[in-house]
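Observations on chain architecture
Listed below, chain by chain, are the residues.
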Amino acid sequence: MPGLGAESKVGTPDDTGVSVVAASPVDATGVTTPVAVTALPLDETTNIKNINLLIQLRWIAVVGQVLTIGFVHLVMGISLPLMAMIMVLCGSVFLNVISQEWLRQQTDARDRELLLLLLLDVAALTAQLYLSGGATNPFISLYLLQVTLGAMLLNGRSTWVVVVVACLCFAGLIVFHRPLALPDALRDDLFQLHIIGMLICFVLDAALIVVFMTRIAQNLRERDEGLAALRQQAAEEDHIVRMGLLASGAAHELGTPLASLSVILSDWRRMPELAGNPELMEEISEMQADVQRCKSIVTGILMSAGDMRGEAPVVTTVNGFFGELVEDWRGARSINTLVYENRFGQDMPIVLDSALKQMIFNVLDNANEVSPLWVRLAIERDGDSLVLKVSDMGPGFAKEMLANFGKPYNSSKGQSGRGLGLFLVVNAVRKLGGAVVAENRPVGGALVSLSLPLSALAIGARKHVG
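A brief structural summary. Everything quoted here is computed from the prediction, not taken from an experiment.

Quick word on a nonpolar patch on the surface
- Where nonpolar side chains cluster on the molecular surface, the patch consists of Tyr-130, Phe-170, Ile-174, Val-175 and Phe-176 and spans about 520 Å² of accessible area.
- The exposure class of Val-175 is exposed, given its relative accessible area of 59%.

So this is what it looks like as structure tokens:
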């Protein structure tokens, strides 16, 4: 049975050069510049899987050839040019060994390389058929397997090259071939033997096509699913960029009226007719505190949007950062229902990121909305990761929310425009190389776990949540 397989790359320039427009930074003119995220890692993984499958196919072909030649020569008594056929076999083995070594050194394959490998397999098949009866050999239909591989793995032009070469080889074998030297005992049953050989070849063709093409199709489906996930991620990141532009613009616009309110309130405090009224002075103080809080929120938005990256980063520690974060959250919300558990262990220095702080605030705020009497924040270390666990005693997540967790506008509050908080949290954690897991607690309430690589928070890290 002649060689059947060849190294392959599933995909062509038409479907492997998939580029997804992802979220990108905003330049100095305020114009969003899209960044193309090419799905090469997915294609490379798919290529490696399929190349391994087809190397296995060629080894099966080599074993099949040895068994077929041995059966025909020794059992059926048909004289074959063993030396020439063994040399073709050795060529196939050598090609497979070279292919395996090439696979170890390469991460991708191009159409011209795949076309060459398939044509070499067609040549090996032609050589074995030439030495064993030419077009009268019932295994002549194995050319269809080569054509099927070409149609599955190459672009249209390369596939037609394989088709044309296979047809020319078939036609050539009708005229040029080495006739089989059949024993006299088999001459009377020649047609029946040919039909049996055709049946064996058909079964072999069908089995190999079903087994290997099914596995290749599975690899293609996995690649397509990966590409769909990349497109979804790019759409979400683009959504974040648009919201960031909107929030940054709103923050800039709010800066002026907030500054004006702060000046007016300061003037009111110095007016004699108001300074003598304790109740009014108390209300003015509360108004000034609220204005100052609004200014802090606006400053945080601008910092997260990248407008204030010129400020020097603050170096702190894990325990110091979270201790200050808990106190700030309690003070800003004027509540003491947050239970803080620090199980991190040995402290380590990190770079303070206000966007990371705001991200954790979002999770705590969501928990506090549904469970105002008790919220717990626990931090711990899991290998090289920092794990934050926020628990509450609320109603927990609905099944629909868990199924669409982290998607925009996925909220159980029943209000238009809600559900962006957790969406931003999930994407911020993903940018840091971490993960977010949401689940319902067995005793009631919800649990949101955030896992962040410590390398992304350590001094010298280049990543930012914003």
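Right, picking up where we left off after that structure.
What about the nonpolar core?
- Within the largest apolar cluster, 42 residues are counted, with the highest numbers of intra-cluster contacts made by Ile-360, Leu-364, Leu-386 and Leu-450.
- Looking at this core, the elements that each hand over two or more residues are α10 (318–333), α11 (354–370), β6 (375–382), β7 (385–392), α13 (420–431), β8 (435–440), β9 (446–453) and α14 (454–457).
- Ranked by the residues each element gives to this core, the list is headed by α11, at seven residues.
- What Ile-360 contacts, discounting residues up to four positions off in sequence, is Phe-321, Phe-322, Leu-325 and Leu-388.

Things to note about the packing of aromatic side chains
- Throughout the structure, instances matching the rule amount to two aromatic pairs.
- Here Tyr-143 and Phe-170 contribute two aromatic rings whose centre-to-centre distance is 6.4 Å and whose plane-to-plane angle is 40°, an arrangement assigned as tilted. With Tyr-143 in helix α4 (residues 143–153) and Phe-170 in helix α5 (residues 156–175), the pair connects residues that are 27 residues apart, well separated along the chain.
- Using a relative accessible area of 4% as the deciding quantity, one classes Tyr-143 as buried.
- Phe-170 gets classed as partly exposed once you look at its relative accessible area, which sits at 33%.
- With 5.0 Å between their ring centres and 75° between their planes, Phe-321 and Phe-322 make a pair best called edge-to-face. Each member of the pair Phe-321 and Phe-322 is classed as buried.

Some words on the pattern of salt bridges
- This structure, assessed with the given rule, holds seven salt bridges.
- For Asp-328, the salt bridge goes to Lys-357, with nearest N and O atoms at 2.5 Å. Separated by 29 residues along the polypeptide, Asp-328 in helix α10 and Lys-357 in helix α11 bring together distant segments of the chain.
- Residue Asp-328 is classed as partly exposed on the basis of its relative accessible area of 30%.
- Glu-380 is the partner of Arg-343 in a salt bridge, and the nearest nitrogen-oxygen pair spans 3.2 Å. Separated by 37 residues along the polypeptide, Arg-343 in strand β4 (residues 338–343) and Glu-380 in strand β6 bring together distant segments of the chain.
- In this structure, a network of salt bridges that share partners links the residues Glu-341, Arg-343, Arg-376, Glu-380 and Lys-389.

What about the side chain of Asn-155?
- Within the secondary structure, Asn-155 is located in the loop between α4 and α5.
- Of note is the side chain of Asn-155, whose polar atom sits 2.9 Å from the backbone nitrogen of Ser-158.

Looking at the environment of Asn-440
- Secondary-structure assignment places Asn-440 in strand β8.
- With a relative accessible area of 34%, Asn-440 lands in the partly exposed category.
- Spatially, the C-alpha atom of Asn-440 lies 6.3 Å from that of Phe-397, the residues being 43 residues apart in sequence.
- Among all residues touching Asn-440, those that are not within four sequence positions of it are Gly-396, Phe-397, Leu-402, Gly-445 and Ala-446.
- Here the side chain of Asn-440 touches Phe-397 through a polar contact of 2.6 Å, landing on its backbone nitrogen.

Section: a negative patch on the surface
- Taken together, the side chains of Glu-279, Glu-282, Glu-283, Glu-286 and Asp-290 present a region of like negative charge at the surface.
- Among the structural elements, Glu-282 can be located in helix α9 (residues 278–305).
- Its relative accessible area of 51% is what places Glu-282 among the exposed residues.

Let's talk about α5
- Taking 1.5 Å of rise per residue, the 20 residues of α5 would be expected to cover 28 Å, and the 30 Å separating its terminal C-alpha atoms lies within 8% of that figure.
- Of the positions making up α5, those classed as buried are Ser-158, Thr-159, Val-162, Val-163, Ala-166, Cys-169 and Leu-173. All buried residues of α5 project into a common sector of 145° when viewed along the axis, lining one side. Counted as exposed and oriented over 90 degrees from the buried face of α5: Arg-157, Trp-160, Leu-168, Ile-174 and Val-175.

Things to note about helix α2 (residues 82–105)
- Here α2 is 24 residues long and its end C-alpha atoms lie 35 Å apart, about the 34 Å a rise of 1.5 Å per residue gives.
- Among the residues of α2, those classed as buried are Met-85, Val-88, Leu-89, Ser-92, Leu-95, Asn-96, Ser-99 and Leu-103.

Some points on the sheet that holds β9
- Spatially, β4-β6-β7-β9-β8 is the arrangement adopted by the five strands of the open sheet, whose pairing is mixed. Two strands close off the open sheet at either side, each with one partner strand: β4 and β8. The mean inter-strand angle of the sheet, taken between neighbouring strand axes irrespective of direction, is 15°.
- As defined by bridge partners, β8 adjoins β9 across six bridges and the pair is classed as antiparallel.

Points about the side chain of Thr-159
- On the secondary structure map, Thr-159 appears in helix α5.
- Among the residues examined, Thr-159 registers a relative accessible area of 12% and is labelled buried.
- In terms of polar contacts, Thr-159 uses its side chain to reach the backbone carbonyl oxygen of Asn-155, at 2.8 Å.
- Not counting residues up to four positions away in its chain, the partners in contact with Thr-159 are Gly-150, Ala-151 and Leu-154.

Reading the values: rules and limits
For every chain, the first residue of its written sequence is number 1, and the numbers climb from 1 along that sequence. A pLDDT threshold of at least 70 governs which residues receive local features in this predicted model, and a stricter bar of 80 or more applies before side-chain atom pairs are shown or counted, although totals over entire chains, interfaces and linings include all residues. Excluded from the side-chain calculations are hydrogens and water; all other atoms, namely the structure's heavy atoms, are used. What makes a patch is a set of residues exposed beyond 30% relative accessible area and free of salt bridges, joined within 9 Å when like-charged and within 5 Å when nonpolar (Val, Leu, Ile, Met, Phe, Trp, Tyr). Only the protein chains shown count as cover for residues, and all accessible areas are computed by the Shrake-Rupley method using a 1.4 Å probe. Any carboxyl oxygen of Asp or Glu that lies within 4 Å of a side-chain nitrogen of Lys or Arg is treated as forming a salt bridge with it. Burial classes follow relative accessibility: with a 1.4 Å probe on protein chains only, a residue under 20% of its type's maximum area counts as buried, one over 50% as exposed, and anything between as partly exposed. Nonpolar core, defined: a set of buried Ala, Val, Leu, Ile, Met, Phe, Trp, Tyr and Cys residues in which side-chain atoms within 4.5 Å join the residues together. Only runs of H or I of at least four residues qualify as helices and only runs of E of at least two qualify as strands under DSSP, and these elements are numbered from the N terminus. Contact between two residues is taken to exist if any of their heavy atoms lie within 4.5 Å; hydrogens are not considered. Here the aromatic set is Phe, Tyr and Trp, taking the six-membered ring for Trp, and pairing holds for ring centres within 6.5 Å; pairs whose planes are under 30 degrees apart are stacked, those over 60 apart are edge-to-face, and all others are tilted. A 3.5 Å cut-off defines polar contacts: any pair of N or O atoms within that distance qualifies, except that in protein one atom must be a possible hydrogen donor and the other a possible acceptor, and neighbouring residues in sequence count only when both atoms are side-chain atoms. By the counting rule applied here, Lys and Arg register as positive and Asp and Glu as negative, while His and the ends of each chain are not counted. Note that the charge is assigned to NZ on lysines, CZ on arginines, CG on aspartates and CD on glutamates. A helix is expected to reach a length of 1.5 Å times the quantity of its residues less one. Of all possible arcs, the one meant is that of the directions from the helix axis to the C-beta atoms. Criterion used throughout: strands pair if DSSP finds at least two bridges between them. What counts as an axis is a line fitted to C-alpha atoms, over the stretch in contact for a helix, and the angles between N-to-C directions run from 0 to 180 degrees.

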